[in-house]
Amino acid sequence: QYKAEFFKALAHPVRIRILRRLGREGSYCGDLVELLGLAQSTVSHHLRILREAGLIVGEEQGPATCYRVNRERCAAVCQLVRDILGEAAI
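Residues numbered from 1 in each chain as written. Predicted model: local features only at pLDDT ≥ 70, side-chain atom pairs only at ≥ 80, totals over all residues. Heavy atoms only, no water.

(A) Region of the structure containing the packing of helix H3 (residues 29-36) against helix H4 (residues 40-52). Following both chains from N to C, one finds H3 and H4 inclined at 115 degrees, their axes separated by 9 Å at the closest point. Looking at the two axes, H3 sits roughly perpendicular to H4. For the crossing formed where H3 meets H4, the hand is right-handed. Each of Cys29, Leu32, Val33 and Leu36 in H3 lies in contact with H4, whose residues at this interface are Gln40, Val43, Ser44 and Leu47. For the contact of H3 with H4, a count of residues per class yields six nonpolar, two polar and no charged. (Axes fitted to C-alpha atoms, helices over the stretch in contact; angles between N-to-C directions. Helix = DSSP H or I, 4+ residues; strand = E, 2+ residues; numbered from the N terminus. Parallel < 35°, antiparallel > 145°, perpendicular 65-115°, else oblique. Left-handed = near helix turned anticlockwise from the far one by under 90°. Contact = heavy atoms within 4.5 Å. Nonpolar A, V, L, I, M, F, W, Y, C, P; charged D, E, K, R; others polar.)

Structure follows, in structure tokens:
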């Protein structure tokens, strides 16, 4: 069941853009709102989905949260794809 959660989280282009950004550096929701040009509520929704899938983590810093990629979980997703397709396919 967790496998479907990974792929659902990766199924939206905005969430891919968020992961790319967070893979380079941690960011706050407000930074992502500016970068993506989307409403704060929309960005928060995508962050929630990524966080629930375990692909990102949030560090509380006062009233704000800094989001970062969960590299261990993302590596697990990569391994899952390898397992599904077979090592030679990737």
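(B) Geometry of the pattern of salt bridges. Tallied over the entire structure, the rule returns three salt bridges. Among the salt bridges present, the one from Arg21 reaches Glu25, with a minimum N-O distance of 3.9 Å. Taking relative accessible area as the criterion, Arg21 reaches 16% and is therefore assigned buried. For Glu59, the salt bridge is made with Arg68, and the minimal N-O distance between the two is 3.1 Å. (Salt bridge = Lys/Arg side-chain N within 4 Å of Asp/Glu carboxyl O. Buried < 20%, exposed > 50% of the residue type's maximum accessible area, 1.4 Å probe, protein only.)

(C) Seen up close, the pairing of strand E3 (residues 64-69). Direction of pairing for strand E1 (residues 27-28) relative to E3: antiparallel, over a ladder of two bridges. Residue pairing for E3: Ser27 is matched across the bridge by Tyr67. One ladder, built from six bridges, connects strand E2 (residues 56-61) with E3; its direction is antiparallel. Counterpart to Gly58 in the pairing with E3 is Tyr67. Linkage of E2 to E3, two consecutive antiparallel strands, is achieved through a turn of two residues, within which Gly62 is found at a positive phi near 70 degrees. (Pairing = 2+ DSSP bridges.)

(D) Local environment of the sheet that holds E1. In space, the three strands of this open sheet follow the order E1-E3-E2, with antiparallel pairing throughout. Each edge of the open sheet carries a strand with a single partner, namely E1 and E2. Each of E1, E2 and E3 touches helix H2 (residues 13-24); the most contacted strand, E3, lies at about 90 degrees to it. Together, E2 and E3 form the strand contacts of H4, whose direction differs from that of E2 by roughly 115 degrees.

(E) Molecular detail of H3. All of the buried residues in H3 are Cys29, Leu32, Val33 and Leu36. When H3 is viewed along its axis, its buried side chains cluster within an angular range of 105 degrees and face the same direction. In this structure, the buried side of H3 is in contact with H2, E1, H4 and E3. One or two residues past the end of H3 sits Gly37, with phi positive at roughly 70 degrees. (Arc of directions from axis to C-beta.)

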